[in-house]
There are 2 protein chains.
Amino acid sequence: MREVAIIGVGCIKVGEHWDKSLRQLFAEAALTALEDAGVDRVDGVYVGNLASATLNSQQHLGALMADAMGMPGVEAVRVEAADASGGVAVHEAVRAVASGMLDLAVAGGVEKMTDAKLPDVEYAIMMSERREYVTHTGVTITGLNAITAQLYMSRFGAKYEDLVLFSVNDHKNAVNNPYAQYPFPITVERVLESPMVADPIRLLDTPGVGDGAAAVVLCPMERAGEFTDTPIRVGASTVATDVVNPYEREELLTLSSTRTAAERAYEMAGVTPGDVDVVEVHDNSSVMGVIALEDLGFVEKGCGHKFVAEGEIEIGGKLPTNTFGGLKARGHPWGATGVYQVVELVWQLRGEAGKNQVDGAEVGLAQNVGGTGATSCIHILRRAD
Amino acid sequence: MREVAIIGVGCIKVGEHWDKSLRQLFAEAALTALEDAGVDRVDGVYVGNLASATLNSQQHLGALMADAMGMPGVEAVRVEAADASGGVAVHEAVRAVASGMLDLAVAGGVEKMTDAKLPDVEYAIMMSERREYVTHTGVTITGLNAITAQLYMSRFGAKYEDLVLFSVNDHKNAVNNPYAQYPFPITVERVLESPMVADPIRLLDTPGVGDGAAAVVLCPMERAGEFTDTPIRVGASTVATDVVNPYEREELLTLSSTRTAAERAYEMAGVTPGDVDVVEVHDNSSVMGVIALEDLGFVEKGCGHKFVAEGEIEIGGKLPTNTFGGLKARGHPWGATGVYQVVELVWQLRGEAGKNQVDGAEVGLAQNVGGTGATSCIHILRRAD
């Protein structure tokens, strides 16, 4: 198995791109990544996307995007794992390069959500859960997260105002991210005053609806020097699943898929949670971000909210988290989110994070989750010196 | 890169499975493949599917199917490349095993088409073409194939009654396939008397609508002996694309994606077209089967119809083709088709093809196509003696 390096990254600003097609969004991010890598052609294209059939009346995105990039002929495929599609696209591309079957690959994610009606957007994401047992009840992902938040608060004595510090941190970090959907600060008070979505979760504690695309270029580590002075090593790339129905899980406050994928990833990369300098987690509400920090082994189960309240996830804290805004403030264009996370880690590990730079960041971890946790994808990246 | 072997196969009969869910269809095929391989667990699950969002209100099929198989926790993902999704699922699974990152993997395809209304079925497959330029015109895949058939007949002096011998051959072979949707013989006369779908293509020259699922179990070649006495070697697994809009292609009577993928596959497997003993092609109408034989290098461009008319694609001919019924008669449950092809080749190479056995079959090739040819996936399998 060959070691794999990331040699180029690119993304577009998350937002309402009514003037651009699904193809344009992807091509813009992917060609930016190619330019960053200094290559004009790749051997393979991996596209992560959740909802183009439902929201854009379009499938077959592998071929479509290879074509849009001006390189029809190359190998191309779309992968889907709910809103972990982006992370999993990177994962599959890493495999392709690791296996020796491809040399240069681009892995990107794209989602165009703002052209559709909101009920269709809700319907599209709910297909990530089991149709017969969860989707048909009419519950939303935020509704399911609200149950988790209630249980977390009750079991661990956490207050909602502590939890939402996670979202507040996201917004603080987004201010310096030109690609963020909501680059403005918020306060706990503002979150608590915002409309209730599903008790206790407030509007300013949930991601918005946005269009986005992000991409990375991969090559074998041994060739990375041809393209860049700052290759980033893919230390680990893992995917794990869990039973799909949340109510069938042994424990609602633990993401077993994240634990499994993280265990494998730490072993694969030869690092421990203590070695991680910067982390991106899948916070599709504050409570899920807090739980992620626990399941990734950064803090004891039930103590994540204290860790957040103590400011440890801020830049300058013990574990800078979601340093470009996370799902809440950078935005959560489903199939692209996992790729944005990887792009942002690369900026940190290259030392290109500007005002949000984590000093001396050498190891970064990204956690991308599908639905309420049936899929987790973990990447551990390392600076290659 | 490790060599990869197929050690188990399974499928269900293509048909109207109103009593079974999407999960059940997949699980039945996948667990049959596991039983065939003599394993009770795999490390990864690859699911090929085109249309579950549109026809079954369900996505996230990787986790869903791992769960349905009773092995939540394992790595799982869905791949989509229009009706090449099944072949590409096998391709990605081959990569995973070849890379050393997974040892045992199942790759399957599933499609549940008969629960939906027919216009939705047509809509779902048309999303394989570009929405803005092709889909919106209202043309169907059969309509596009009809244009190709007219051009083929005009340029090469072929008669439609010669072309449809391809479908007649499919039906003849399906008679002995217990998993075929239409296991009965047809005649040229019957095809010509059947209703016109898109001039010149008649109803009995197009695949029907059916539910289906098929699966294969893969492991590294070096471990295959632990599980079976008849491992089948994956000699090559390739994917290539073409521009998506048919009218932008240089040549309508050549599938450039098939040619590119085939070139790579022959090189990878170290064989020539002349070494191939049995072939499965993606005949979503007779003319596409004929063109596939040409683009795979078995016969000169423009001579495929003569090859068919001379009976060379029959079992006992020079190149037994679609020996279990092909898309026309085994059935074409989109996301599963490419996996059925691989399963059927394995039966041939193991010598388990019963009345349809090709004597001494050692090398088999499968060609799975997405849409009108924007994606082609080729597998070359070899008996491992």
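### A look at the overall build of chain A
Move 1: Tallying secondary structure elements over chain A gives 14 helices and eleven strands in all.
Move 2: Viewed in the frame of its principal axes, chain A has a C-alpha envelope of about 55 × 45 × 40 Å.
Move 3: Evaluated residue by residue, chain A yields a buried proportion of 66% over its 385 residues.
Move 4: Restricting to contacts in chain A with at least 6 residues of sequence separation, those with at least 24 account for 78%.

### Topic: the nonpolar core
Move 1: Ranked by size, the top nonpolar core spans 286 residues in total, and within it A:Met65, A:Val216, A:Leu218, B:Met65, B:Val216 and B:Leu218 carry the most contacts.
Move 2: Beyond its immediate chain neighbours, meaning those up to four positions away, B:Leu218 contacts B:Val4, B:Ala5, B:Ile6, B:Ala93, B:Val94, B:Val97, B:Ala105 and B:Ala107.

### Re the domain arrangement of chain A
Residues and elements named next belong to chain A.
Move 1: Taken as a whole, chain A is organised into domain 1 (4-117 + 210-232) and domain 2 (140-201 + 234-383).
Move 2: Between the C-alpha centres of domain 1 and domain 2 the distance comes to 23 Å.
Move 3: Residue-level contacts link 40 residues of domain 1 with 33 residues of domain 2.
Move 4: Looking at the side of domain 1 that touches domain 2, the elements that each hand over two or more residues are strand S1 (4-11), helix H4 (85-98), strand S4 (105-111) and strand S7 (212-220).
Move 5: With eight residues, H4 is the single largest residue contributor to the side of domain 1 that touches domain 2.
Move 6: In the side of domain 1 that touches domain 2, the residues fall into 24 nonpolar, twelve polar and four charged.

### Quick look at the pairing of strand S7 (residues 212-220) of chain B
All names here are of chain B.
Move 1: Burial of S7 is extensive: eight of the nine residues sit out of reach of the surface.
Move 2: Pairing between strand S1 (residues 4-11) and S7: seven bridges, direction antiparallel. Looking at S7, one finds that Gly 10 is bridged to Ala 215.
Move 3: As judged from the seven bridges shared by strand S4 (residues 105-111) and S7, these two strands associate in the antiparallel manner. By the bridge assignment, Gly 108 is partnered in S7 with Ala 215.

### What to know about the relation of the copies chain B and chain A
Move 1: With an RMSD of 0.0 Å, the fit of chain B onto chain A corresponds to turning through 180° and sliding 0.0 Å along the axis. On this basis, the relationship between the two copies can be described by a two-fold rotation axis. Closest approach to the rotation axis within chain B is made by the C-alpha atom of B:Ser99, at a distance of 1.9 Å.
Move 2: In this assembly the copies share their binding face: 100% of the residues contributing to the interface of chain B also contribute to that of chain A.

### Observations concerning the interface of chain B and chain A
Move 1: If you look at the interface, chain B gives 48 residues, while chain A gives 48 residues.
Move 2: Put simply, the parts of the chain that give the side of chain B that touches chain A at least two residues each are helix H2 (52-56), helix H3 (61-68), strand S3 (75-80), helix H4 (85-98) and strand S8 (232-241) of chain B.
Move 3: Of all the elements, S3(B) adds the most residues to the side of chain B that touches chain A, at six residues.
Move 4: Here the side of chain B that touches chain A is built from residues that sort into 23 nonpolar, 16 polar and nine charged.
Move 5: Across three bridges, the pairing between strand S3 (residues 75-80) of chain A and S3(B) is antiparallel. Across the sheet, A:Val79 pairs through a bridge with B:Val79, a residue of S3(B).

### Notes on the confidence of the model for chain A
Move 1: On average, residues of chain A carry a pLDDT of 97, and 100% of them reach 70 or more.
Move 2: Of the two predicted TM-score estimates for the complex, the pTM is 0.98 and the ipTM is 0.97.

### Details of helix H12 (residues 286-295) of chain B
All names here are of chain B.
Move 1: By the criterion of burial, H12 is predominantly enclosed, with ten of the ten residues buried.
Move 2: Here H12 has its buried residues at Ser 286, Val 287, Met 288, Gly 289, Val 290, Ile 291, Ala 292, Leu 293, Glu 294 and Asp 295.
Move 3: Following H12 by one or two positions, Gly 297 has its phi on the positive side, about 90°.

### Considerations on the packing of helix H1 (residues 22-37) of chain B against H3(B)
Residue and element names in this part refer to chain B.
Move 1: Across the interface, H1 lies against H3 with an axial gap of 9 Å and an inter-helix angle of 60°. With respect to each other, H1 and H3 are oriented oblique. The handedness of the crossing between H1 and H3 comes out as right-handed. Within the contact between the two elements, H1 uses Arg 23, Phe 26, Ala 27 and Ala 30 and H3 uses Leu 64, Met 65 and Ala 68.
Move 2: Across the contact of H1 with H3, the residue classes break down as six nonpolar, no polar and one charged.

### As for the pairing of S1(A)
All names here are of chain A.
Move 1: Of all eight residues that make up S1, eight are buried, and the element is covered over most of its length.
Move 2: By the bridge criterion, two bridges tie S1 to strand S8 (residues 232-241) in an arrangement that is antiparallel. Its bridge partner lying in S8, Ile 6 is registered against Ile 232.

### A look at the environment of B:Val369
Residue and element names in this part refer to chain B.
Move 1: Turning to its location among the elements, Val 369 is positioned in strand S10 (residues 363-370).
Move 2: What makes Val 369 buried here is the crowd of 30 C-beta atoms within 10 Å.
Move 3: Placed 282 residues apart in sequence, Val 369 and Gly 87 show a C-alpha to C-alpha distance of 8.5 Å.
Move 4: The contact partners of Val 369, leaving out residues within four places of it in the chain, are Asp 83, Ala 84, Leu 255, Thr 258, His 282, Thr 375 and Ser 376.

### A short note on the environment of B:Val281
Residue and element names in this part refer to chain B.
Move 1: Among the structural elements, Val 281 can be located in the loop between strand S9 (278-280) and H12.
Move 2: The spacing of Val 281 and Leu 327 is 46 residues in sequence and 8.2 Å in space, taken between C-alpha atoms.
Move 3: Those residues within four positions of Val 281 in sequence are excluded, and the remaining contacts are Gly 289, Ala 292, Leu 293, Thr 321, Asn 322 and Gln 367.

Scoring rules and cut-offs
- Residues numbered from 1 in each chain as written.
- Chains lettered and ligands numbered in written order.
- Predicted model: local features only at pLDDT ≥ 70, side-chain atom pairs only at ≥ 80, totals over all residues.
- Helix = DSSP H or I, 4+ residues; strand = E, 2+ residues; numbered from the N terminus.
- Buried ≥ 20, exposed ≤ 12 C-beta atoms within 10 Å, placed from the backbone.
- Contact = placed C-beta atoms within 7 Å.
- Core = buried A, V, L, I, M, F, W, Y, C linked by C-beta atoms within 7 Å.
- Domains from an automatic or database assignment.
- Nonpolar A, V, L, I, M, F, W, Y, C, P; charged D, E, K, R; others polar.
- Pairing = 2+ DSSP bridges.
- Least-squares fit on C-alpha atoms with pLDDT ≥ 70 in both.
- pLDDT = per-residue confidence, 0-100.
- Axes fitted to C-alpha atoms, helices over the stretch in contact; angles between N-to-C directions.
- Parallel < 35°, antiparallel > 145°, perpendicular 65-115°, else oblique.
- Left-handed = near helix turned anticlockwise from the far one by under 90°.

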